[in-house]
Amino acid sequence: GAGVSQSPRYKVAKRGQDVALRCDPISGHVSLFWYQQALGQGPEFLTYFQNEAQLDKSGLPSDRFFAERPEGSVSTLKIQRTQQEDSAVYLCASSETGYSYNSPLHFGNGTRLTVT
Amino acid sequence: AQKVTQAQTEISVVEKEDVTLDCVYETRDTTYYLFWYKQPPSGELVFLIRRNSFDEQNEISGRYSWNFQKSTSSFNFTITASQVVDSAVYFCALSPLSNTGNQFYFGTGTSLTVIP
């Protein structure tokens, strides 16, 4: 079926604005991840869902970052009161199983957030 | 520590040359998986290969080959007879069992440019 879909593709926000980034994973995939990728860097883990349960949010950089996956499919990453250091590409990934250390992640194209 | 190092930031080769991308990892785990991903300009990370820590057999897939050596904690990736379509950023990633599979550790990536 279709791959991981993220929207919007690009987002420009003024400092202090709230933003919401959407991820539609591959249908039936149990695990969903959010990663942050700064320019010239590798992706860094933000948070992980198994179905609707957020099992790990240790990578969220501050309490301004919030993620949810209420029905175990679509997920939203929300950033409140955006700061310039939040500028990055936000990648969503999903995997088929609930225990994913050996499962490849399937990534979306990402949302490039620019905070001015 | 759990860490992946890709020392080569940028590599340029002329089409049809062979090129090897280096990956060195650190982990306290004895059970882990290693992955390679390709990130073309479109932004989506594409899964290339995974290898578990107990399988040191080298693998070849078309023009791609991988050399896994536990003795040197390396998982290098070679492209034979490179093509312009191989131009992308390549990431090596580590997924250790002890993390319960919720986090992949990515290197900083190697940007490969194949010149026609």
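In case you missed it, the structure is sitting above this.
One structure accompanies this document, and this report is about it. (Residues numbered from 1 in each chain as written. Chains lettered and ligands numbered in written order. Predicted model: local features only at pLDDT ≥ 70, side-chain atom pairs only at ≥ 80, totals over all residues. Heavy atoms only, no water.)

**Structural notes on the overall build of chain B**
Link 1 in the chain: Assigned secondary structure in chain B consists of 0 helices and 12 strands.
Link 2 in the chain: Start at the N end of chain B and walk to the C end: the helices and strands fall as β-β-β-β-β-β-β-β-β-β-β-β.
Link 3 in the chain: Its C-alpha atoms put chain B at 45 × 30 × 20 Å along the principal axes.
Link 4 in the chain: Expressed as a percentage of its 116 residues, the buried residues of chain B come to 46%. (Helix = DSSP H or I, 4+ residues; strand = E, 2+ residues; numbered from the N terminus. Buried < 20%, exposed > 50% of the residue type's maximum accessible area, 1.4 Å probe, protein only.)

**Describing the packing of aromatic side chains**
Link 1 in the chain: Under the criterion given, the structure shown has 25 aromatic pairs over all chains.
Link 2 in the chain: When the ring of Phe107(A) is compared with that of Tyr37(B), the centres are 5.5 Å apart and the planes differ by 85 degrees; the resulting orientation is edge-to-face. Here Tyr37(B) lies in strand S5 (residues 32-39) and Phe107(A) lies in strand S10 (residues 106-107), a pairing that spans two chains.
Link 3 in the chain: Under the relative-accessibility criterion, Tyr37(B) is labelled buried at 0%.
Link 4 in the chain: Pairing Phe35(B) with Phe104(B) gives two aromatic rings, centres 5.0 Å apart and planes at 50 degrees, and the pair type is tilted. In this pair, Phe35(B) is assigned in strand S5 and Phe104(B) in the loop between strand S10 (88-96) and strand S11 (105-106), connecting sequence segments 69 residues apart. (Phe/Tyr/Trp six-rings, centres within 6.5 Å; stacked < 30°, edge-to-face > 60°.)

**Here's the deal with the interface of chain A and chain B**
Link 1 in the chain: Taken together, the contact between chain A and chain B spans 23 residues of the former and 24 residues of the latter.
Link 2 in the chain: Carbon and sulfur atoms supply 53% of the area that chain A and chain B bury against each other, a total of about 2,000 Å² over both sides.
Link 3 in the chain: Run the count over chain A and chain B and you get 0 salt bridges.
Link 4 in the chain: Between chain A and chain B we count 4 residue pairs in polar contact (both at pLDDT 80 or more) in total.
Link 5 in the chain: Listed by contribution, the elements that provide at least two residues to the side of chain A that touches chain B are strand S4 (31-37) and strand S5 (44-50) of chain A.
Link 6 in the chain: Considering only residue class, the side of chain A that touches chain B consists of 11 nonpolar, 10 polar and 2 charged. (Contact = heavy atoms within 4.5 Å. Buried area = accessible area lost by both parts, 1.4 Å probe. Salt bridge = Lys/Arg side-chain N within 4 Å of Asp/Glu carboxyl O. Polar contact = N/O pair within 3.5 Å; in protein donor to acceptor, adjacent residues only side chain to side chain. Nonpolar A, V, L, I, M, F, W, Y, C, P; charged D, E, K, R; others polar.)

**A word on the side chain of Arg51(B)**
All names here are of chain B.
Link 1 in the chain: The residue Arg51 is located in strand S6 (residues 46-52) in this model.
Link 2 in the chain: Of the residues examined, Arg51 reaches a relative accessible area of 7% and is grouped as buried.
Link 3 in the chain: Engagement of the side chain of Arg51 in a polar contact is seen with the side chain of Glu59, the distance being 2.8 Å.
Link 4 in the chain: Residues contacting Arg51, with those up to four places away along its chain left out, are Tyr32, Tyr33, Leu34, Gln57, Asn58, Glu59, Phe68 and Phe75.

**With respect to the sheet that holds strand S3 (residues 19-24) of chain A**
All names here are of chain A.
Link 1 in the chain: The antiparallel open sheet is built from 4 strands, whose spatial order is S1-S3-S8-S7. Every interior strand has two partners, whereas the edge strands, strand S1 (5-7) and strand S7 (65-68), have only one. Ignoring which end each strand starts from, the neighbouring axes of this sheet average 15 degrees apart.
Link 2 in the chain: Pairing between S3 and strand S8 (residues 75-79): 5 bridges, direction antiparallel. (Pairing = 2+ DSSP bridges. Axes fitted to C-alpha atoms, helices over the stretch in contact; angles between N-to-C directions.)

**A closer look at the nonpolar core**
Link 1 in the chain: Of all hydrophobic cores here, the largest spans 23 residues; its most connected members are Trp36(B), Phe75(B), Phe77(B), Tyr90(B) and Leu112(B).
Link 2 in the chain: Looking at which element gives the most residues to this core, the answer is S10(B), with 4 residues.
Link 3 in the chain: Setting aside chain neighbours within four positions, we find Leu112(B) in contact with Ile11(B), Val13(B), Val19(B), Ile79(B), Asp86(B), Ser87(B), Ala88(B) and Tyr90(B).
Link 4 in the chain: In this structure, Leu21(A), Phe65(A), Cys92(A) and Val115(A) belong to the second largest nonpolar core, which totals 19 residues. (Core = buried A, V, L, I, M, F, W, Y, C linked by side-chain atoms within 4.5 Å.)

**Focus on the pattern of salt bridges**
Residues and elements named next belong to chain B.
Link 1 in the chain: Taken as a whole and judged by the stated rule, the model has 6 salt bridges over all chains.
Link 2 in the chain: Linking Glu59 and Arg51 is a salt bridge whose minimum nitrogen-to-oxygen distance equals 2.8 Å.
Link 3 in the chain: Salt bridges linked by common partners bring Arg51, Asp55 and Glu59 together as one network.

**As for unusual backbone geometry**
Glycine aside, residues mostly have negative phi, and peptide bonds are mostly found in the trans state.
Residue and element names in this part refer to chain A.
Link 1 in the chain: That bond from Ser7 to Pro8 is cis: its omega, -5 degrees, falls within 30 degrees of zero.
Link 2 in the chain: Inspection of the secondary structure puts Pro8 in the loop between S1 and strand S2 (10-13).
Link 3 in the chain: Although it is not a glycine, Asn51 sits at a positive phi angle of roughly 55 degrees.
Link 4 in the chain: Tracing the chain through its elements places Asn51 in the loop between S5 and strand S6 (53-56).
Link 5 in the chain: The backbone phi angle of Arg81 is positive, close to 50 degrees, even though this residue is not glycine.
Link 6 in the chain: Among the secondary structure elements, Arg81 is positioned in the loop between S8 and strand S9 (88-95).
Link 7 in the chain: A residue is classified by how much of its surface remains accessible, and Arg81, at 42% relative accessible area, is partly exposed.

Everything listed is a geometric property; what it means functionally is a separate question.
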